[in-house]
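Read off the chains here:
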Amino acid sequence: MIKKVVKMVSKLRAKSKGEPTDNETDPNKITHTGKKPVIRTRAQHAISRKNISEHALKVLSRLQSSGHIAYLVGGSVRDLLLGINPKDFDVSTDAHPQQIKRLFRNCWLIGRRFRLAHIKFGGTIIETSTFRKIPLQAAENGEPDEDLLVRDDNTFGTPEEDAFRRDFTINGLFYDLSTFSVIDYVGGLKDLDKKLIHSIGDPQIRFREDPIRMLRAVRFATRLNFKLEKKTHQAILDLAEEITKAAPARLVEEFYKFFSYGAGEEAIKLLHDLGLLQHVIPTLDEYLGTADKQGQERYWSYLRKFDQGNKHKYSVDLPMAFSLLLYPLIYDQAVATEGEHLRLSHSAHEILEGIVKTLIVPRRIRESIGLIFSAQDRFMAKRKRRFNRQKFMSRRFFADALELYGLAVEIESLDPEPLQKWRHLYNEFKKSGGVEEAESDPRNRQPKRRSPRSHRGRRRPEKVQVEEGQAEEPKKTQPKKLEEKPSGKPRKRRPRRRGGRRREAGTLTAMPNPPASKPDIMVTGKEGQEPTHWMDEI
């Protein structure tokens, strides 16, 4: 009964504000495209609540019980339909960000271009967004040269509009917890069956609105083993140069995701074939374009061997991903310039300086890459210098550096004896309880808890150990309470003075004026001496 009353009240509020009600967002209603959405009931799909995060279920149920529309959306629905365990779960609702925040105490609002609600359950975050509209662009009316990059997307809409503003059809599916059904406004179910990456709307416009979508298309195609739809494929070939307009932080973030679930080799191949790699890492694209078949196969073997060991990982560390991409280039340059005494760190520095001009890699990532290649120099050094091996193996980058060295030994046919020794030492070090640098690194260390304000700046009394037969010192008694005046009110304690100069041992500090409580008294000296002030005798 209470739920019905809440729903009625929410409908009345929506009508008064001009917002769509439940009837206006009915999935069975014919949309503005003239077609009904495709709905698969519980018996027609394999999604089960057992495979959905309990935190996402809490968010969905609370939003729906409060009279809002709420769906599970995005890649989580796609992965559940394909039988893949999703990395995270996203929710979309008709509730505005402030309404979401009022429903969840553990909610934080983020984002400038579009407000998002992050609902935190310990270390898990359920990203909750409000349904958005399709951004209106002038170029849709026939102006192909207009800049369509979306910089403001903070407009709310309906579930249907939200589905049509997403990037690809396989990511535009909704799962309704109240009916256990999958709702498809954009034809994503059909493309899932055909294994196609199909852009929603005109790809010539959608990729100019957000160039990162081209990299996402490559990632989904290689990770899921799908093919690019013809128009989507042609649009990427035509608009590859638009990738330079993408935000540098998002560009770098997408690169390490290419290695998710062991798809790094296919992703870099597709980037090279589509012409995207020459605008992101032109040095690598030139290397692959000028190398012969044997050189190209040698390069792909690095990525292939690495993918085989990371098939079940969603992602790898960003420094490791870039070190792997650039290792053959750096190794060849070091062999050509250094000769027998290889110094990969020198060549790595030169190549990274050229790459940073087009791909803005953060400084901390560049430093980590430099440390990984410095470790290669130590692995390959013929003259061993004395150094602290325990400290070297405790560094955070050591595991990645040793894995990269193992690939080089196998592919470049290097001496395997040093690799075996280092692997044996590292295994023994881990068994002995060696701590990685990640725990001792100040940037990753947990902040110390500050003491309460009442205890700051006060030294705790040291405990004195009492020997046998020695009497214990009497405990200090509590200070006496203030004597009450005859009127019954307690006396006021004089405020404690803070600051000022401290008196050092064996020295006297001069007072500018004598205390008012003592009069000026002249002390008579010995015969033949002048009288002195009373303070001179202190």
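About the criteria used
Residues numbered from 1 in each chain as written. Predicted model: local features only at pLDDT ≥ 70, side-chain atom pairs only at ≥ 80, totals over all residues. Heavy atoms only, no water. Helix = DSSP H or I, 4+ residues; strand = E, 2+ residues; numbered from the N terminus. Buried < 20%, exposed > 50% of the residue type's maximum accessible area, 1.4 Å probe, protein only. Contact = heavy atoms within 4.5 Å. Areas by Shrake-Rupley, 256 points an atom, 1.4 Å probe, with all protein chains shown as cover. Polar contact = N/O pair within 3.5 Å; in protein donor to acceptor, adjacent residues only side chain to side chain. 1 Å grid on protein atoms, 1.4 Å probe; cavity = no way out; pocket = protein on both sides within 12 Å on 5 of 7 lines; lining within 4 Å. Points joined across faces, edges and corners; volume = space filled by probe spheres on them. Nonpolar A, V, L, I, M, F, W, Y, C, P; charged D, E, K, R; others polar. Salt bridge = Lys/Arg side-chain N within 4 Å of Asp/Glu carboxyl O. Core = buried A, V, L, I, M, F, W, Y, C linked by side-chain atoms within 4.5 Å. Axes fitted to C-alpha atoms, helices over the stretch in contact; angles between N-to-C directions. Parallel < 35°, antiparallel > 145°, perpendicular 65-115°, else oblique. Left-handed = near helix turned anticlockwise from the far one by under 90°. Expected span 1.5 Å × (residues − 1). Pairing = 2+ DSSP bridges. Phe/Tyr/Trp six-rings, centres within 6.5 Å; stacked < 30°, edge-to-face > 60°. Lys NZ or Arg CZ within 6 Å of the ring centre and 35° of its normal.

Another aspect to go through is the overall build of the chain. Along the chain, the regular secondary structure elements total 21 helices and 12 strands. Across the 538 residues of the chain, 40% fall into the buried class. Considering only contacts in the chain between residues 6 or more positions apart, those separated by 24 or more positions represent 66%. For the chain, the exposed surface amounts to about 35,200 Å²; the carbon and sulfur share of it is 48%.

Mapped onto the elements of the fold, Thr93 is located in strand E3 (residues 90-93). Residue class for Thr93 comes out buried when judged on its relative accessible area of 0%. A distance of 3.4 Å separates the side chain of Thr93 from the side chain of Asp94, its partner in a polar contact. If we skip the residues at most four places from it in the chain, Thr93 touches Leu63, His68, Ile69, Ala70, Ile100, Thr128, Ser129, Thr130 and Phe131.

Here the focus is the layout of surface pockets. Its volume calculated, the largest pocket comes out at about 1,700 Å³. Taken together, 44 residues form the lining of the largest pocket, with Asp90, Leu116, Glu127, Arg216 and Lys257 sitting closest to its centre. Only helix H3 (75-82), E3, strand E5 (116-121), strand E6 (124-130), helix H8 (212-224) and helix H10 (248-257) provide two or more residues apiece to the lining of the largest pocket. Residue contributions to the lining of the largest pocket peak at six residues, all from H8. A per-class count over the lining of the largest pocket returns 13 nonpolar, 10 polar and 21 charged.

Turning next to the environment of Ala334. Along the chain, Ala334 falls in helix H15 (residues 318-338). Residue class for Ala334 comes out buried when judged on its relative accessible area of 0%. For the pair Ala334 and Ser347, spaced 13 residues apart in the sequence, the C-alpha separation amounts to 5.8 Å.

On inspection of all chains with the given rule, the structure shows 19 salt bridges. For Asp79, the salt bridge is made with Arg78, and the minimal N-O distance between the two is 3.1 Å. Taken as a pair, Asp79 and Arg78 share a single burial class, namely buried. Across the pair Glu254 and Arg219 runs a salt bridge, and its minimum N-O distance is 3.1 Å. Taken as a pair, Glu254 in helix H10 and Arg219 in helix H8 lie far apart in primary sequence, 35 residues in all.

The next subject is the nonpolar core. Among the nonpolar cores identified, the biggest contains 113 residues, and Leu72 and Leu276 are the most heavily contacted of them. Ranked by the residues each element gives to this core, the list is headed by H15, at 12 residues. In this structure, Tyr71, Phe131, Ala163 and Tyr185 belong to the second largest nonpolar core, which totals 11 residues.

Moving on, we come to the packing of H8 against helix H11 (residues 264-274). Look at H8 against H11: their axes get within 9 Å of each other, and the N-to-C directions meet at 135°. Judged on the interaxial angle alone, H11 and H8 are oblique. In this structure, the crossing between H8 and H11 has a hand that is right-handed. Each of Leu215, Val218, Ala221 and Thr222 in H8 lies in contact with H11, whose residues at this interface are Glu266, Ala267, Leu270, Leu271 and Leu274. Taken together, the residues that form the contact of H8 with H11 break down as seven nonpolar, one polar and one charged.

The subject of this paragraph is the packing of H15 against helix H19 (residues 398-411). In a packed pair of helices, the relevant descriptors are the angle between the two axes and the axis-to-axis distance. The geometry of H15 relative to H19 is characterised by a closest axis approach of 11 Å and an angle of 25° between their N-to-C directions. Relative to H19, the element H15 is oriented roughly parallel. Crossing angle aside, the handedness with which H15 passes H19 is right-handed. Of H19, the residues touching H15 (which contributes Met320, Ser323, Leu324 and Tyr327) are Asp400, Glu403, Leu404, Leu407 and Ala408. Partitioned by chemical class, the residues of the contact of H15 with H19 number six nonpolar, one polar and two charged.

Between its first and last C-alpha atoms H8 spans 18 Å; for 13 residues at 1.5 Å apiece the expected length is 18 Å, and the two agree. Most of H8 sits out of view: 12 of its 13 residues are buried. Three or more residues of H8 are buried, namely Ile212, Arg213, Met214, Leu215, Ala217, Val218, Arg219, Phe220, Ala221, Thr222, Arg223 and Leu224.

Attention shifts here to the pairing of strand E4 (residues 107-110). Residues Cys107 and Leu109 point to one face of E4 and are all buried, whereas Trp108 and Ile110, pointing to the other face, are not buried. Here E4 pairs with E5 via four bridges, running antiparallel. When the sheet's bridge partners are listed, Leu109 is paired in E5 with Ala117. Counted between consecutive antiparallel strands, the loop separating E4 from E5 contains five residues, among which Gly111 sits at a positive phi close to 95°.

The first and last C-alpha atoms of helix H17 (residues 363-380) sit 26 Å apart over 18 residues, in line with the 26 Å expected at 1.5 Å per residue. In this fold, the buried residues of H17 make contact with H15, helix H16 (344-355), helix H18 (389-393), H19 and helix H20 (417-431).

For the rest of this paragraph, the subject is the packing of aromatic side chains. How two aromatic rings sit relative to each other is set out by the distance from centre to centre and by the angle between their planes. Per the stated rule, a full pass over the model turns up 21 aromatic pairs. Geometrically, the ring pair formed by Phe392 and Trp422 is edge-to-face, given 5.6 Å between the ring centres and 75° between the ring planes. Taken as a pair, Phe392 in helix H18 and Trp422 in helix H20 lie far apart in primary sequence, 30 residues in all. Exposure remark for Phe392: the relative accessible area of 10% places this residue in the buried category. Looking at Trp422, the relative accessible area reads 6%, which means it is buried. Taken together, the ring pairs in this structure connect Phe379, Phe392, Phe398, Tyr405, Trp422 and Tyr426 into an aromatic cluster. Sitting above the plane of the Phe392 ring, Arg378 keeps its charged end 5.4 Å from the centroid.

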